[in-house]
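Results of the structural survey
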Amino acid sequence: MDLQNTVKEALNALYHHPDDTVRMQADRYLQDFQRTLDAWQVADNLLHDPSSNLETLIFCSQTLRSKVQRDFEELPSTAFRPLRDSLNNLLKKFHKGHPKVRTQISIAVAALAVHVPAEDWGDGGIVKWLRDEMDSNPEYIPGFLELLTVLPEEVLNYKIAARPERRRQFEKELTSQMEVALNILTACLSISELKEQVLEAFSSWLRLKHGIPGSVLSSHPLVLTALSSLNSEILSEASVNVISELIHYTAAGSIDGVSTNVPLIQVTVPHVMSLKSQLSDSTKDEEDVKAIARLFADMGDSYVELIATGSDESMLIVHALLEVASHPEYDIASMTFNFWHSLQLTLTRSEACIEAERNKRLQVFRPAYESLVSLVSYRVQYPEDYQHLSYEDLREFKQTKYAVADVLTDAASVLGGDDTLKILYMKLLEAVSGNGNNEQKEWRPAEAALFCIRAISNYVSVVEAEVMPQLMALLPKLPHQPQLLQTVCLTIGAYSKWLDSASCGVTILPSVLDILMNGMGTSEDCAAVAALAFRHICDDCRKKLCGCLDGLFHIYNRTVSGEDSFKVPAEDSLHLVEALSMVVTELPLDDAKRALEALCIPVISPLQEAINQGPEILSKRPSRQLTVHIDRFAYIFRYVKHPQVVADAIQRLWPIFKAIFDVRAWDMRTMESLCRACKYAVRTSGRFMGLTIGAMLEEIQSLYRQHHQPCFLYLSSEVIKIFGSDPSCADYLKNLIESLFQHTTRLLTSIQEFTARPDIADDCFLLASRCIRYCPQLFIPSPVFPSLVDCSMIGITVQHREASNSILHFCSDIFDLANSTMGEQFIPIRDSIIIPRGASITRILVASLTGALPKSRVDVVSYTLLALTRSYGMQALEWAKTSIMLIPSTAATDLERSRFLKALSDVASGGDTNGLTVPIEELSDVCRRNRAVQEIVQEALRPLELNLVCVS
């Protein structure tokens, strides 16, 4: 009683106390209370207590539902019947009570049915028990109907802590009782005020997707009732839900599955088709139109394979879907978008049918897709009040544009890009000719048409010679309204490949570059897209532009120097750095060397100036003042594909880089930027780096000991990839990796350290994996290898995703050593380190599978365990048996454990590895089914104790 009063007081404080701190304490208390064993009795008592207020009833019904779902195993086996009877009494008590309370109790009873086998409910399981209750207590039928509705929904409710085998059994039990359930619902149809509730329950049972043949359902009273309701004045939401589920029901499985349900389709489709005229009925309520549109969209999605045959009957559905797509409300029209995509995939799939038949089908659907292009293209037009749109409205408008762009690419796949372009170009001409003298107001239709033209750029042939020259000639004549100019710039960038291939491309390039320069001087947004388009042009037309270097450098220097007339943001100026670098790549070696120097001059100057001011001032500069320039070097080294030229440049620049390394080694942002630039220099220059690489490695090796910057590790990874197999580099690489790994293993000595330094862990084990692949001869025989294996065992269960994944990949790379030609000779050394630790590694992996790591990490852990088992065979199986037997039988049964071990045994014997997936997932689910079980399992496996001794 005291506890009940405390719960009531806490609820009162949670909802009514003025002090936030008190409310938070009350909330924390109530959450903790819900996890206790006492919560069962207290919640039950308060629900039966007539004096409980609504807040108490809602909280206690939620608590009881949650306890049944997650903690049913806390109760003794004898508790089932008293609990069922109590819940049944509560269902009766609240059959006219608050809907929230009644729903929670209904879900609790349904969850109980998931846990408890049918035979414990009596002959026929919960469905027949429910039928008997309804027969005995007809006055409580509305409450029982809600329970009947939620029952099938609980099949896929993974909040219920049921074992996978029991969940499958529950689905079979319900499917076998589907006829009984539908008979109950049919009997309830005679009570007119319950018709909506009956149909909602029916739609819920249809989601099971099997159980009753379509031929039986086609004449079933429930189906006929739902169909007849479609024609009533007020469209029944429940009827629409039933018809929607019937459509999905008939399409479940393959085309063969559809054909077995032909009688049901023949009843359903004509009724839906009869609603077509209501789509354009202006007197119809918008929600009703939306419901009707949903049924047509469901038919399209479900019967797309049949529709793709192009029969007369299927074209009726296509025309109805075009009518939905033409609806002025975007929410309604967009319901069809998925259908047009699925139909396009079906029509263009080469294996679907022979070429002649495929072409014939494409011809049948051409008019539909031509109409679709016209119907959707206007939807991307900016609204008149676009300047006053809220952030949310603007985001929604952008999503609309992206969705329409996807539909247009579907249309282009069917019609061909060139033909789609003709349709859209006519729209553009209409928009431009309709401008009159009022340019500023009427830019919107032109922008919309141009957006659509840009959307299909990948589908337009690079040799298209009819529309594209006209389009490019029209672009300079369009008004320079900012939004329109942005789209013009993006369109130019999108058609850069055409500009390169077209015979008239050279004559067009000057005019489009002028447009892009205008864009760079208009606004930051416009300058950003113009810079991106400039990059596309320089990438695809680089050979044509080699003769225009002076003009390109003029644009580049104005941008990089931050000249006022250009408004390109610093981040977007990287597009121009990349653009010029790609053109420089096409130059002969001597010209490229001079051009690279010209590229570097405006970048070097501000850095040299900062260094000349002395270390004290350099150390106080904001990171951004340095990284904006260093990032440009990264792009130059990445995109100028002249190894010798880049190597010479980095040699000249090294004193500047070293000065920044020495003064700013404490600054993570600057170091990341600098290491990125060095990484691309190493990647592009390769073996041409010469002496510079030695100086670079000496620098980062020394600085890592003092500042522990993770980026020093990833720069080392790049060096290992390029130079790992070079014998002339062996000595300094060996010193590098031994120094870095020794220092890192001293840092990462506990799971707390891994949690505090996840970036170091991530980059350290990425580097270690690179060493296994590129220089096992330096890494595996070294004294740091066993230390790193021990370090990985400490950190596997770190919760940081990238760090954990890097460690697991490192482990699997060790186990897969035999797969690499260079690594095979080091297997004896590997075995001498792994075998003594094998039992502990396996236990940590099993703990990770069963709850030490999040469920999303199971695939990576599974592969690591698989690699271990493949490498060590029956020895690994013994390690796994020892670990699995630590899991208490209350958490995983003998059968569940033996299934897992059997699958592992098959892999150890050289069998199919795919057979391991389901047993691993099921063991993982079983051991995570609720918090208590997960804690028991982890307490048994103790993944953080590396040398756990098993006591038999």
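What comes next is a walk through the structure. The numbering scheme is per chain: residues are counted from 1 as the chain's sequence reads. Selection of residues for local features in this predicted model requires a pLDDT of at least 70, selection of side-chain atom pairs for listing and counting requires 80 or more, and totals for whole chains, interfaces and linings are taken over all residues. With hydrogens and water stripped out, all remaining heavy atoms of the structure feed into the side-chain values.

Attention shifts here to the nonpolar core. Here the nonpolar core consists of buried residues drawn from Ala, Val, Leu, Ile, Met, Phe, Trp, Tyr and Cys, with membership extended through side-chain atoms lying within 4.5 Å. The rule is simple: take the accessible area with a 1.4 Å probe, protein chains only, and divide by the maximum for that residue type; under 20% is buried, over 50% is exposed, in between is partly exposed. Trp 340, Phe 534, Ile 636, Phe 637, Phe 657 and Phe 779 are the most contacted members of the largest nonpolar core, which totals 333 residues. The biggest single contributor to this core is helix α49 (residues 858-884), with 13 residues. Look past the residues within four positions of Phe 657 in its chain and what remains in contact with it is Phe 633, Phe 637, Ile 650, Leu 674, Ala 677 and Cys 678. Going along the chain from the N terminus, every DSSP run of H or I of four or more residues is numbered as a helix, and every run of E of two or more is numbered as a strand. When checking whether two residues touch, look at their non-hydrogen atoms; a contact exists if any pair is within 4.5 Å.

Another aspect to go through is the layout of surface pockets. Within this model, the largest pocket holds a volume of roughly 980 Å³. Both site types are read off a 1 Å grid over the protein atoms alone. A 1.4 Å probe that fits but cannot get out defines a cavity, while an open set with protein on both sides within 12 Å along at least five of seven lines defines a pocket; lining residues have an atom within 4 Å of a point. Residue lining of the largest pocket: 34 residues in total, with Tyr 402, Phe 451, Arg 454, Thr 487 and Leu 490 positioned closest to the centre. Along the lines of polarity and charge, the residues of the lining of the largest pocket split into 17 nonpolar, eight polar and nine charged. Grid points are joined across faces, edges and corners, and a volume is the space filled by probe spheres set on the points. When residues are sorted by character, Ala, Val, Leu, Ile, Met, Phe, Trp, Tyr, Cys and Pro go into the nonpolar class, Asp, Glu, Lys and Arg into the charged class, and all the rest, Gly among them, into the polar class.

To continue, consider helix α9 (residues 141-153). Residues spaced three or four apart along an α-helix face the same direction, because each turn holds 3.6 residues. Take the residue count of a helix, subtract one, and multiply by 1.5 Å to get its expected span. Taking 1.5 Å as the rise per residue, α9 with 13 residues should run 18 Å; its terminal C-alpha atoms sit 19 Å apart, in good agreement. Counting buried residues along α9, eleven of its 13 residues qualify, which places the element largely inside the surrounding structure. Taken residue by residue, α9 has Ile 141, Gly 143, Phe 144, Leu 145, Glu 146, Leu 147, Leu 148, Thr 149, Val 150, Leu 151 and Pro 152 as its buried positions. The inward-facing, buried residues of α9 contact α5 (80-93), α6 (99-115), α8 (125-136), α10 (164-176), α11 (178-188) and α12 (195-206).

All axes here are fitted lines through C-alpha atoms, helices being fitted over the stretch that makes contact, and every angle between N-to-C directions spans 0 to 180 degrees. At a minimum axis distance of 12 Å, the contact between helix α47 (residues 801-815) and helix α48 (residues 827-852) shows a crossing angle of 135 degrees. Viewed along their axes, α47 and α48 adopt a mutual orientation that is oblique. The handedness of the crossing between α47 and α48 comes out as left-handed. Across from Leu 808, Ile 814 and Phe 815 in α47, the residues of α48 making contact are Arg 830, Ile 834, Ile 841 and Leu 845. Looking at side-chain class alone, the contact of α47 with α48 contains six nonpolar, no polar and one charged residues. Roughly parallel here means an angle under 35 degrees, roughly antiparallel means over 145, roughly perpendicular means 65 to 115, and every remaining angle is called oblique. Here is the rule for handedness: rotate from the far helix to the near one, and if that takes an anticlockwise turn smaller than a right angle the crossing is left-handed, while a clockwise turn gives right-handed.

Our focus in this paragraph is the pattern of salt bridges. A side chain with one charge can pair with a side chain of the opposite charge if their charged atoms come near. One side-chain nitrogen of Lys or Arg within 4 Å of one carboxyl oxygen of Asp or Glu is enough to make a salt bridge. Enumeration over the complete set of coordinates arrives at 59 salt bridges. Salt-bridge contacts for Asp 298 lead to Arg 294; the nearest nitrogen and oxygen are separated by 3.9 Å. One end of the pair is Asp 298 and the other is Arg 294, both in helix α18 (residues 286-302) and four residues apart, which spans about a single turn. Judged by relative accessible area, which is 10%, Asp 298 ranks as buried. The partner of Asp 816 in a salt bridge is Arg 870, with the nearest N and O atoms 3.6 Å apart. Of this pair, Asp 816 sits in the loop between α47 and α48 while Arg 870 sits in helix α49; the two residues are 54 residues apart in sequence, bridging distant segments of the chain. Among the residues examined, Asp 816 registers a relative accessible area of 15% and is labelled buried. Residue Arg 870 is classed as partly exposed on the basis of its relative accessible area of 38%. In this structure, a network of salt bridges that share partners links the residues Arg 366, Glu 370, Asp 419, Lys 422 and Glu 466.

Throughout the structure, instances matching the rule amount to two cavities of 30 Å³ or more. There is about 60 Å³ of room inside the largest cavity. Forming the walls of the largest cavity are Pro 164, Glu 165, Glu 896, Arg 899, Pro 919, Glu 922, Leu 923 and Val 926. Sorting the residues of the lining of the largest cavity by element identifies α10, α50 (894-908) and α51 (917-927) as the ones contributing at least two each. Ranked by residue count, the leading element in the lining of the largest cavity is α51, at four residues. Considering only enclosed or pocket space, the second largest cavity measures out at about 30 Å³ in volume.

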